[in-house]
Amino acid sequence: MVQQPVPADEAAENAPVQPEGQAGPGSLAGPADEAELSRAVVALTGDDVPVQDRRRLLGRLVRLEIGERGVKDLFRPRKAIGWVTDSVTSVAPHIPVRDLDTLRAHYPGLDADALAERLIRNAARVTAGIGAAGGGVAAVEWVATPTLLSAPVLLAAETVAVVAVEMKLIGELHAVYGRPISGTGGQRALALIQAWAERRGINPLRVGGSVAAAMGTALRKELRDRLLKRFGRNLSTMGPFLTGAAVGGFLNRRATLGLGDDIRKDLKNTGPDGQRVIEA
């Protein structure tokens with residue numbers, strides 16, 4: 001899959017603003033780390049990433065988080081969710097969403113419903129693979145006691161990757177049903193964040209502004225609450241030996257299938273202007 005580069009002006013628009021010489025709480029350590037985080041997460045959203053590569057990419061996210069947070073914050077759920085929320089916000093503008101022409105080229109001969117079904121199934125397979133990879137890494141952590149400290153941060157990294165896959169799915173489902181997401185990179189990212197947090201299609205009348213501005217409102221709390229539920233569910237991937245891999249993959253797959261179905265149903269029941277369709 002060809003990934004479109006993010007224009008420098010859009011990247012700058014969505015970069016977290018901090019006082020000069022400071023890194024605010026929950027912010028990434030710097031532009032280089034933010035770029036590395038985005039590259040790793042975008043790579044994890046690919047349809048055909050080998051298990052070893054998934055583990056390597058998750059490990060990269062773990063190292064980034066440890067470097068940012070430090071060991072003392074690894075067992076503080078509020079801190080972990082804060083990192084996940086900030087990371088999702090930073091990554092969202094970089095998620096590669098394919099347009100309808102590209103999707104039809106990849107999956108020829110499918111009508112809208114069949115194409116949507118294929119995309120949902122593929123996304124569920126990817127998130128299951130991320131859960132399995134995370135569980136496999138966790139199994140190693142349980143054996144290697146000194147590195148057990150990285151288990152909570154591994155879960156946070158997995159959550160960021162899974163949410164990115166699901167946001168990509170949401171964007172592509174909108175393209176399939178004739179409602180592609182428009183606007184700047186920041187506006188598209190904000191629309192994806194809102195849709196994921198609310199489990200609904202995007203209302204075009206609400207698209208506008210920047211991620212930084214919107215995330216200072218109630219949307220940030222809504223996103224945090226939704227992420228907290230996902231984070232708690234994925235605690236099962238921290239099980240000893242290989243049970244975490246099996247359970248993590250199953251739960252991720254089920255959650256992605258459910259989200260995809262909710263978004264698809266909502267898109268089919270609303271018009272291009274985002275208004276509910278009333279059947280005669």
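Rules used in this analysis
Residues numbered from 1 in each chain as written. Predicted model: local features only at pLDDT ≥ 70, side-chain atom pairs only at ≥ 80, totals over all residues. Heavy atoms only, no water. Helix = DSSP H or I, 4+ residues; strand = E, 2+ residues; numbered from the N terminus. Buried < 20%, exposed > 50% of the residue type's maximum accessible area, 1.4 Å probe, protein only. Contact = heavy atoms within 4.5 Å. Areas by Shrake-Rupley, 256 points an atom, 1.4 Å probe, with all protein chains shown as cover. Expected span 1.5 Å × (residues − 1). Salt bridge = Lys/Arg side-chain N within 4 Å of Asp/Glu carboxyl O. Core = buried A, V, L, I, M, F, W, Y, C linked by side-chain atoms within 4.5 Å.

Chemist: Honestly, the overall build of the protein chain in this entry has me stumped. Any pointers?
Modeler: Across its full length, the protein chain holds 11 helices and zero strands. Mapped in sequence order, the helices and strands of the protein chain form the string α-α-α-α-α-α-α-α-α-α-α. Residues classed as buried in the protein chain amount to 50% of the 280 residues present. In the protein chain, the proportion of contacts linking residues at least 24 apart, taken out of those at least 6 apart, comes to 77%. Surface exposure of the protein chain reaches about 13000 Å², of which carbon and sulfur atoms provide 58%.

Chemist: I'm lost on helix α8 (residues 185–198) in this one. Help?
Modeler: Within an α-helix, residues lying three or four positions from one another point in the same direction, as the helix has 3.6 residues per turn. Counted at 1.5 Å a residue, the expected span for α8 with its 14 residues is 20 Å, and the 20 Å between its end C-alpha atoms agrees. Turning to α8, its buried residues number three or more, namely G185, G186, A189, L190, A191, L192, I193, Q194, A195, W196 and A197. Just beyond α8, the residue with positive phi is R199, at close to 55°.

Chemist: What's the story with the pattern of salt bridges in this structure? I'm lost.
Modeler: Inspection of every chain in the model, using the stated rule, returns 13 salt bridges. A salt bridge links R56 to D53, with the nearest nitrogen and oxygen atoms 3.7 Å apart. Placement of the pair is R56 and D53 together in helix α3 (residues 51–69), with a separation of three residues, close to one helical turn. Of the charged contacts, one joins R199 and D262 as a salt bridge, the two residues approaching to 2.8 Å between their closest N and O atoms. In this pair, R199 sits in the loop between α8 and α9 (211–214) while D262 sits in helix α11 (residues 243–268), placing the two residues 63 residues apart along the sequence. Within the structure, one salt-bridge network assembled from shared partners comprises D47, R98 and E172.

Chemist: Before we go on, may I ask you to explain the nonpolar core in this structure?
Modeler: Note on soluble globular proteins: their nonpolar side chains tend to be buried together. With 62 residues, the main nonpolar core has L61, I130, M167 and W196 as its most contacted residues. Of all the elements in the fold, those that place two or more residues in this core are α2 (31–44), α3, α4 (77–91), α6 (112–143), α7 (151–176), α8, α10 (218–233) and α11. The element that contributes the greatest number of residues to this core is α7, accounting for 17 residues.

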